[in-house]
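# Structural description and commentary
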Amino acid sequence: MSSVFDVQKTIREILLKILDSHSLEQLNKVPAGFNNNIIWNIGHCISSQQVLVYKLSGLPTMVSEDFIAKYKKGTKPEGDVSQAEVDEIRTLLSTTLEKTKNDFESGLFVDYHEYTTSIGFTLRHVQGALDFNNYHEGLHTGIIMAQRKLV
């Protein structure tokens, strides 16, 4: 399972570099043709990982219900985020990855509530959720890469 965490670490490092190389204005700008922005996509990756891995395992998340609600599937930015929120998201990119890896290695994930994703893939256990999460974060990283050329 270490490869799944290596892939996620690489994705998260790419997202951190994007955060560090864009201004607050650029992170908040919704480019023409999109209904979200760079910072929403990054927050969405964190929110989704917490739901797919922790919530569906019946465990508490590292982020608040308000954070999950703000960045869950089907939402879009309702206004600009502050630098403080960008800083929180930046920290969460690393801390959620490390805690998930440690929790997985310690055997914390025992139960899992089956869930079928919007693309029709059924998650039956935490290993599947971790694999799918990497696909999902890769997809949003691609969207972010397109958006950064337009901001």
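Cut-offs used in this document
By convention here, each chain's residues receive numbers from 1 onward along its written sequence. At least 70 in pLDDT is required for a residue's local features to be given in this predicted model, at least 80 for side-chain atom pairs to be given and counted, and no such filter applies to totals for whole chains, interfaces and linings, which use all residues. Side-chain measures here rest on the full set of heavy atoms in the structure, leaving out hydrogens and waters. Only DSSP runs of H or I with at least four residues qualify as helices, and only runs of E with at least two residues qualify as strands; both kinds are numbered from the N terminus onward. Note on exposure labels: buried denotes an accessible area under 20% of the residue type's maximum, exposed denotes more than 50%, and partly exposed covers the range between, all computed with a 1.4 Å probe on protein chains only. In what follows, a contact means two residues having at least one pair of non-hydrogen atoms within 4.5 Å. Reported accessibility uses the Shrake-Rupley method at a 1.4 Å probe radius. Residues are deemed covered only where the shown protein chains occlude them. Charged-residue counts in this description rest on Lys and Arg as positive and Asp and Glu as negative, His and the chain ends being excluded. For the purpose of locating charges, the reference atoms are NZ of Lys, CZ of Arg, CG of Asp and CD of Glu. Structural elements are reduced to axes, namely lines fitted to C-alpha atoms, with helices fitted over the stretch in contact, and the angle between N-to-C directions of any two is expressed from 0 to 180 degrees. Working rule for angles: under 35 degrees goes down as roughly parallel, over 145 as roughly antiparallel, 65 to 115 as roughly perpendicular, anything else as oblique. Handedness of a crossing follows from how the near helix is turned relative to the far one, being left-handed for an anticlockwise turn of less than a right angle and right-handed for a clockwise one. Amino acids outside the nonpolar list (Ala, Val, Leu, Ile, Met, Phe, Trp, Tyr, Cys, Pro) and the charged list (Asp, Glu, Lys, Arg) are all regarded as polar, and Gly is one of them. UniProt positions are given in the numbering used here, feature names are shortened, and annotations may be inferred rather than shown by experiment. Under the rule applied, a polar contact is a pair of N or O atoms within 3.5 Å (in protein, one hydrogen donor and one hydrogen acceptor; residues adjacent in sequence only if both atoms are side-chain atoms).

## Considerations on the overall build of the protein
The number of helices and strands found in the protein is 6 helices and 2 strands. Overall, the protein shows an N-to-C arrangement of helices and strands of α-α-α-α-α-β-β-α. Along the three orthogonal principal directions, the C-alpha set of the protein runs to about 40 × 25 × 25 Å. For the protein, with 151 residues in total, the buried portion stands at 44%. Taking all contacts inside the protein whose residues are at least 6 apart in sequence as the whole, residues at least 24 apart take part in 73%. Taken as a whole, the protein presents about 7700 Å² of accessible surface, with 53% of it coming from carbon and sulfur. In the protein, which carries 15 positive and 18 negative side-chain charges, the distance between the mean positions of the two groups comes to 5 Å.

## Description of the packing of helix α1 (residues 2-20) against helix α3 (residues 38-54)
With their axes 11 Å apart at the nearest point, α1 and α3 run at an angle of 150° to one another. Taken together, the axes of α1 and α3 are roughly antiparallel relative to one another. With respect to the hand of their crossing, α1 and α3 are arranged in left-handed fashion. Residues Gln-8, Arg-12, Leu-15, Ile-18 and Leu-19 of α1 form the contact with α3, whose own contacting residues are Ile-38, Ile-39, Ile-42, Cys-45, Ile-46 and Gln-49. A per-class count over the contact of α1 with α3 returns 8 nonpolar, 2 polar and 1 charged.

## Comments concerning the environment of Ile-143
As for its position among the elements, Ile-143 is in helix α6 (residues 126-148). Separated by 105 residues in the primary sequence, Ile-143 and Ile-38 have C-alpha atoms spaced 8.3 Å apart. Filtering out sequence-adjacent residues up to four positions away, Ile-143 remains in contact with Phe-34 and Asn-41.

## Describing the UniProt feature "domain: DinB-like" (unreviewed entry) in the protein
If you check UniProt for "domain: DinB-like" (unreviewed entry), the listed places come out as residues 12-144 in our numbering. Strand forms 3% of residues 12-144 and helix 60%; the C-alpha atoms that close the span are 12 Å apart.

## Some details on the packing of α1 against α6
With their axes 10 Å apart at the nearest point, α1 and α6 run at an angle of 20° to one another. Judged by the inter-axis angle, α1 sits roughly parallel to α6. Crossing geometry of α1 relative to α6 is assigned as left-handed. For the pair formed by α1 and α6, the contact residues are Val-4, Phe-5, Val-7, Gln-8, Ile-11, Arg-12, Ile-14, Leu-15 and Ile-18 on the first element and Leu-130, Asp-131, Asn-133, Asn-134, Glu-137, Gly-138, Thr-141, Ile-144, Met-145 and Arg-148 on the second. Each residue belonging to the contact of α1 with α6 can be placed in one class, and the counts come to 10 nonpolar, 5 polar and 4 charged.

## Quick notes on the side chain of Thr-122
As for its position among the elements, Thr-122 is in strand β2 (residues 122-123). There is a polar contact of 3.0 Å between the side chain of Thr-122 and the side chain of Thr-116. Excluding residues within four positions of it along the chain, Thr-122 makes contact with Glu-114, Tyr-115 and Thr-116.

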